[in-house]
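Fold and contact review
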Amino acid sequence: MFKGFYNLTSAMLTHQYNLNVIGNNMVNVSTAGYKQDRYVATTFDDVMYSRVDVNHSAGTEIGRQSYIRAASEIYTDYSQGTPEPTDLPLDFAIVGDGFFAVQDEEGNVAYTRMGNFSLDEEGYLCLPGFGQVLDPQGQPVYLGTDKIRSDKQGVIYFDQPPEQGGAITIGQLGIYSFEDNEALERNDRGLFTGEGAQQSANYEIWNKYLERSNSDMVKQMTEMITYQRALQSAAQVTKMYDQLMTKATGDVGRFA
């Protein structure tokens, strides 16, 4: 009699989870290199009703029903964001496959597509608030100056006057990739963590550019309105269902 409550509660929980994910995508629509998330739900294992045969140990299946949906997983969309020019020498965008590697003060390494770098007090290239950027050997990139330029492979040059020898190489950005990006986990600071990082081969580095978030504000707002209305509808139907069940049980009780 009351299985409708399972369906309605499931609907409200699913729509609320979707709204939480969409809200996070909207908050980060201006975050460089941000990769949007998508919530996916699935049903619980089917509920099987069986009729027991007294002459056999095995039951006979007579039907399957599923009353509720459950959180399955939040998938991250790693598709390319649009490179946007900034004209800042310490801004970098990855076009293709891979992540920048950033090491915090405790030595923990995380990966990101954010390329809005700066120099720390010691002259190392860093992602402000996160840590130092690593080179292909896993070592911090020391520049000492922001008078630099980069080629498509992330090799960083300091341009000296011709009489002093011209451009010299002072560092290189490490670009790391993984066999399966879905194995990565987003930490509480918005960066990705995972095992099996290796040097990427399919990428270009665009200096004085930043990769925009791949989250579309218009699409996210449209989905938000859709799920908000669906949540409100489920809540209203739940209230009606509750009133109907209360009246039904009350009337049945009086007649009994």
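Everything below is about the structure printed above this text.
Scanning the protein for helices and strands turns up two helices and 20 strands. Counting all 256 residues of the protein, 34% fall into the buried class. A separation of at least 24 residues holds for 64% of the contacts in the protein among residues at least 6 apart in sequence. Accessible surface, the protein as shown: approximately 15,300 Å² in total, 52% of it carbon and sulfur.

Judged by nonpolar contacts, the single largest core of 20 residues is most densely connected at Phe-92, Phe-100, Phe-117, Leu-125, Leu-173 and Ile-205. Going through the elements one at a time, β6 (92–96), β7 (99–103), β10 (125–127) and β19 (203–207) are the ones with two or more residues in this core. When sequence neighbours within four positions are dropped, the list of residues in contact with Phe-92 reads Phe-100, Gly-115, Phe-117, Ile-148, Ser-150, Ile-156, Leu-173, Ile-205, Trp-206, Asn-207, Tyr-209 and Leu-210. Ala-101, Tyr-111, Phe-178 and Leu-184 belong to the second-largest nonpolar core, a separate cluster that totals nine residues.

Here we come to the packing of aromatic side chains. For the structure shown, the criterion picks out eleven aromatic pairs. Members of the aromatic cluster, joined through ring pairs, are Tyr-78, Phe-99, Tyr-111, Tyr-176, Phe-178 and Phe-192.

For the rest of this paragraph, the subject is the layout of surface pockets. Volume-wise, the largest pocket comes out at about 230 Å³. For the largest pocket, the lining is made up of 16 residues, of which Val-29, Thr-82, Glu-84, Arg-212 and Ser-213 are closest to its centre. Its residues assigned to classes, the lining of the largest pocket shows three nonpolar, nine polar and four charged.

Reading the values: rules and limits
- Residues numbered from 1 in each chain as written.
- Predicted model: local features only at pLDDT ≥ 70, side-chain atom pairs only at ≥ 80, totals over all residues.
- Heavy atoms only, no water.
- Helix = DSSP H or I, 4+ residues; strand = E, 2+ residues; numbered from the N terminus.
- Buried < 20%, exposed > 50% of the residue type's maximum accessible area, 1.4 Å probe, protein only.
- Contact = heavy atoms within 4.5 Å.
- Areas by Shrake-Rupley, 256 points an atom, 1.4 Å probe, with all protein chains shown as cover.
- Core = buried A, V, L, I, M, F, W, Y, C linked by side-chain atoms within 4.5 Å.
- Phe/Tyr/Trp six-rings, centres within 6.5 Å; stacked < 30°, edge-to-face > 60°.
- 1 Å grid on protein atoms, 1.4 Å probe; cavity = no way out; pocket = protein on both sides within 12 Å on 5 of 7 lines; lining within 4 Å.
- Points joined across faces, edges and corners; volume = space filled by probe spheres on them.
- Nonpolar A, V, L, I, M, F, W, Y, C, P; charged D, E, K, R; others polar.

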